[in-house]
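A closer look at the structure
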Amino acid sequence: QKEVEQNSGPLSVPEGAIASLNCTYSDRGSQSFFWYRQYSGKSPELIMSIYSNGDKEDGRFTAQLNKASQYVSLLIRDSQPSDSATYLCAVRGATNKLIFGTGTLLAVQP
Amino acid sequence: GAVVSQHPSRVICKSGTSVKIECRSLDFQATTMFWYRQFPKQSLMLMATSNEGSKATYEQGVEKDKFLINHASLTLSTLTVTSAHPEDSSFYICSARPGGDQPQHFGDGTRLSIL
């Protein structure tokens, strides 16, 4: 079992729709969770961080964390073509290292 | 927000050349910096954790004599790819975080091409 798992996609959504990205992790002791966006050929850019159960909203983005289910998600409302990128879920556990999923490719269709 | 600067952005050089990549935290001090490598269509792979004033901690399978890391100050870490060969061609990305539970921020990456 991979430490951090994501569906590789591509996830295709029409412009204006809600994109839902999911991530599961194996280390129950993990305390910090992050979503990064990576455009092709570029380095990752932090979108959201979440540390406690529940929802955290920032503009069009909402991160959701459920530690009991070991599940993290990212919702993007009113998706725009410029949101098309690979979204990386990252989890920091007891080792203090950031473990990345393989990423989900999101394609927003105009 | 926290800014991490990485230079150079692109290097093209002959096989056997050694290449140095710099990573700076511009508006915060970073006792720990991280070096990643990313091959096309793959996720980021942590190569090593760079600790200010002490030796770097390398991940399994990463040759410490091949990838020399120096973290001489709280704002600067360098990665030197020694005697680079075509198989070392990749996208190298550094990362740092202000401390505590803060998120890691990434430099813009260095695309290394060895001919």
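Residues numbered from 1 in each chain as written. Chains lettered and ligands numbered in written order. Predicted model: local features only at pLDDT ≥ 70, side-chain atom pairs only at ≥ 80, totals over all residues. Heavy atoms only, no water.

1. With respect to the overall build of chain A
The helix and strand tally for chain A stands at zero helices and eleven strands. Element order for chain A, N to C, with α for helix and β for strand: β-β-β-β-β-β-β-β-β-β-β. Radius of gyration (C-alpha) of chain A: 13 Å, near the 13 Å computed for a compact globule of 110 residues. Its C-alpha atoms give chain A principal-axis dimensions of about 40 × 30 × 20 Å. (Helix = DSSP H or I, 4+ residues; strand = E, 2+ residues; numbered from the N terminus. Rg over C-alpha atoms; globule rule 2.2 N^0.38 Å.)

2. A look at the packing of aromatic side chains
Following the criterion strictly, the structure yields nine aromatic pairs over all chains and no others. Between B:Phe67 and B:Tyr92, the ring centres sit 6.3 Å apart and the planes meet at 40 degrees, which makes this aromatic pair tilted. Here B:Phe67, found in strand β7 (residues 67–73), pairs with B:Tyr92, found in strand β9 (residues 90–96); they are 25 residues apart in sequence, far enough to count as distant. Per residue, the accessibility class of B:Phe67 equals that of B:Tyr92, and both read buried. Through a chain of ring-to-ring contacts, the aromatic side chains of A:Phe34, A:Tyr36, A:Tyr51, A:Phe100, B:Tyr36 and B:Phe106 assemble into a single cluster. Seen from the ring of A:Phe61, A:Arg60 lies directly overhead, with NZ or CZ sitting 5.5 Å from the centre. Lying over the aromatic face of B:Phe91, B:Arg111 brings its terminal NZ or CZ to 4.3 Å of the ring centre. (Phe/Tyr/Trp six-rings, centres within 6.5 Å; stacked < 30°, edge-to-face > 60°. Buried < 20%, exposed > 50% of the residue type's maximum accessible area, 1.4 Å probe, protein only. Lys NZ or Arg CZ within 6 Å of the ring centre and 35° of its normal.)

3. Topic: unusual backbone geometry
Note that the residue after A:Gly9, namely A:Pro10, is joined by a cis bond; omega there is 10 degrees. Relative to the helices and strands, A:Pro10 resides in the loop between β1 (4–5) and β2 (11–14). Look at B:Lys41: it is not a glycine, yet its phi comes out positive at around 60 degrees. When you line up the elements, B:Lys41 lands in the loop between β4 (32–38) and β5 (45–51). Overall, the relative accessible area of 90% leaves B:Lys41 in the exposed class.

4. Topic: the sheet that holds strand β8 (residues 76–81) of chain B
Residue and element names in this part refer to chain B. Strand order in the open sheet made by the four strands is β1-β3-β8-β7, with antiparallel pairing throughout. With partners counted over all chains shown, the strands left at the sheet margins are β1 (4–7) and β7, one partner each. Ignoring which end each strand starts from, the neighbouring axes of this sheet average 15 degrees apart. Relative to strand β3 (residues 19–25), β1 is paired through four bridges, and the arrangement is antiparallel. Note that in β3 the partner of Val-4 across the bridge is Ser-25. (Pairing = 2+ DSSP bridges. Axes fitted to C-alpha atoms, helices over the stretch in contact; angles between N-to-C directions.)

5. A short note on the interface of chain B and chain A
Listed per partner, the contact involves 21 residues of chain B and 19 residues of chain A. Both sides of the chain B and chain A interface together cover about 1500 Å² of buried area, and 50% of this is carbon and sulfur. At the boundary of chain B with chain A, the tally comes to two salt bridges. Our count for the contact surface shared by chain B and chain A stands at eleven residue pairs in polar contact (both at pLDDT 80 or more). Among the secondary structure elements, those contributing two or more residues to the side of chain B that touches chain A are β4, β9 and β10 (105–106) of chain B. At three residues, β4(B) tops the list of elements feeding residues into the side of chain B that touches chain A. Taken together, the residues of the side of chain B that touches chain A break down into eight nonpolar, eight polar and five charged. (Contact = heavy atoms within 4.5 Å. Buried area = accessible area lost by both parts, 1.4 Å probe. Salt bridge = Lys/Arg side-chain N within 4 Å of Asp/Glu carboxyl O. Polar contact = N/O pair within 3.5 Å; in protein donor to acceptor, adjacent residues only side chain to side chain. Nonpolar A, V, L, I, M, F, W, Y, C, P; charged D, E, K, R; others polar.)

6. Here we look at the state of the cysteines
Within this structure, the stated rule accounts for two disulfides over all chains. Note that A:Cys23 is cross-linked by a disulfide to A:Cys89, the S-S spacing being 2.0 Å. Looking down the S-S bond of the A:Cys23 and A:Cys89 bridge, the torsion is -70 degrees, so its handedness is left-handed. Highlighted residues: A:Cys23 in strand β3 (residues 19–25) and A:Cys89 in strand β9 (residues 85–92), separated in sequence by 66 residues. Pair check on accessibility: A:Cys23 and A:Cys89 agree, each one buried. The disulfide that involves B:Cys23 links it to B:Cys94, with 2.0 Å between the sulfurs. Sign of the S-S torsion, about 80 degrees for the bond between B:Cys23 and B:Cys94, identifies this disulfide as right-handed. (Disulfide = S-S within 2.5 Å.)

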